[in-house]
Amino acid sequence: MKVYAFKIPKKLGENIVVQKDKGTAFYDKLHQHGEIQISHILKGNGKLIVGNSVHSFKEGDCFVIGSHIPHLFKSEKSEVGVGMHSVFFDKDAFGSAFFNLREMEELQHFFNYAQFGFKCTEQTDEAGEHIHSMFSQTHFARFLGLLQLLKLFSVCKKERLSNVVQAKELSHDHGERLRAVFDFVMQHFDQKVSLDSVARLAHMTPNAFCRFFKQRTNKTFFRFLAEIRIEHVCQLLNGDKDLSVVEAAHASGFNSISNFNKTFKDIKGASPTKYLRDMV
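Per-chain numbering applies: the sequence of each chain, read as written, is numbered from 1 onward. This being a predicted model, a pLDDT of at least 70 is required before a residue's local features are given, and a value of 80 or more before pairs of side-chain atoms are given or counted; all residues contribute to the totals for chains, interfaces and linings. By convention in this description, side-chain values take in all heavy atoms of the structure and omit both hydrogens and water.

Student: Is there a simple way to think about helix H6 (residues 206-217) in this case?
Tutor: Since there are 3.6 residues in each turn of an α-helix, residues three or four apart along the chain are aligned in direction. Here a helix means four or more residues in a row that DSSP labels H or I, a strand means two or more in a row labelled E, and each is numbered from the N terminus. Given a helix with a known number of residues, its expected span is that number minus one, times 1.5 Å. Over its twelve residues, H6 extends 16 Å from the first C-alpha to the last, a length consistent with the 16 Å expected when each residue adds 1.5 Å. Classification of residues uses two cut-offs on accessible area relative to the type maximum, computed with a 1.4 Å probe and protein chains only: under 20% is buried, over 50% is exposed, and between them is partly exposed. All of the buried residues along H6 are Phe 209, Phe 212, Phe 213, Arg 216 and Thr 217. Down the axis of H6, the smallest arc covering the buried residues is 100°, so these residues share one side. Turned more than 90 degrees off the buried face of H6, the exposed positions are Asn 207, Arg 211 and Gln 215. Immediately downstream of H6, the backbone of Asn 218 shows phi near 65°, a positive value. In this context, the arc is that of the directions from the helix axis out to the C-beta atoms.

Below, the structure is given as structure tokens:
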């Protein structure tokens, strides 16, 4: 999908790129790139869209985002800002057959999961240290470090980020329409969002837009909107223990508490009360 085809800055002959992101917010436009991305969040929190799914991110998290998967990190406003260390590499940069060698069999689990994107749920400190050390390494040491990092992510516990393998070939026009809709939703999810308004952004009739969105994300637009809102509720409750569930729901765009409770359980698999209890 050509959604802001982002070019990772590379020096001539450079196959492994390490990057430090630091500032008030991460790059928050829906984009994709051919390189596989491995990222460790140093500070900041917010919402992460990967393919057709919505997740939260916070300090200490490690994510792997596969080649050509549209994604964006939407940071919450914070006085301390955000920080992230990332490694980018193209699977075929070392030859199309390199990672298919018998000696690389132990790494196949990484690539099988990377095509969906995944979050590492253990050994994140160790992964972060690996990534940090790669900034000061020689090209050869960085290559060995990448293999060690892939081995670590091959055996760690994972949470898959997307439900479908992303189709790589959609027109630029279709990608721009989706980008406009995603950007709008990330800015206005806490307000009333009508089908007519988002359909106009995509320059379509409401019925045509519903079909368009479902075909390209494998879910309805309002399911996607609900997931954004529910993730925001969870972030608010995690960040402020004195905030009530009702207050968090209203601040995230839910006007009906009964609808919120039903939606929350449908998406998270538990009631808000049980979810809060399990967080403690």
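Student: Please explain helix H9 (residues 257-268) as it appears in this structure.
Tutor: In this model H9 runs 16 Å from its N-terminal to its C-terminal C-alpha over twelve residues, within 8% of the 16 Å that 1.5 Å per residue would give. Trailing H9 by a residue or two, Gly 269 shows a phi angle of about 80°, which is positive.

Student: Help me out: how do you make sense of the nonpolar core in this one?
Tutor: It is characteristic of soluble globular proteins that their nonpolar side chains tend to be buried jointly. Buried Ala, Val, Leu, Ile, Met, Phe, Trp, Tyr and Cys residues form a nonpolar core when they are joined through side-chain atoms within 4.5 Å. Judged by nonpolar contacts, the single largest core of 27 residues is most densely connected at Ile 38, Val 87, Phe 89, Phe 99, Phe 110, Leu 150 and Phe 153. Of all elements in the fold, only strand S1 (16-23), strand S2 (36-43), strand S5 (62-65), strand S7 (82-89), helix H1 (108-114), strand S8 (118-120), helix H2 (124-133) and helix H3 (139-155) reach the threshold of two or more residues within this core. Broken down by element, the residue count for this core peaks at six residues, all from H3. Every residue in contact with Phe 89, bar those within four places of it in the chain, is listed here: Asn 15, Glu 35, Ile 36, Ile 38, Phe 99, Phe 110, Phe 111, Leu 146 and Leu 150. Membership of the second largest hydrophobic core comes to 22 residues, among which are Leu 178, Val 198, Ala 199 and Phe 209. Contact definition: two residues touch when any of their heavy atoms are within 4.5 Å.

Student: It is not clear to me how the sheet that holds S2 should be interpreted in this structure. Could you clarify?
Tutor: Whenever strands of a sheet pair, they do so through backbone hydrogen bonds, lying parallel or antiparallel. If you trace the six strands from one edge of the open sheet to the other, you get S1-S7-S2-S5-S8-S9, paired in antiparallel fashion. At either margin of the open sheet sits one strand with a lone partner, and together these are S1 and strand S9 (158-160). Sheet twist, expressed as the mean angle between neighbouring strand axes with direction ignored, is 20°. Note: S2 against S7, seven bridges, orientation antiparallel. Bridge pairing in S7 links Ile 36 to Phe 89. Strands qualify as paired when DSSP identifies two bridges or more between them. All axes are obtained by fitting lines to C-alpha atoms, using only the stretch in contact for helices, and the reported angles, taken between N-to-C directions, cover 0 to 180 degrees.

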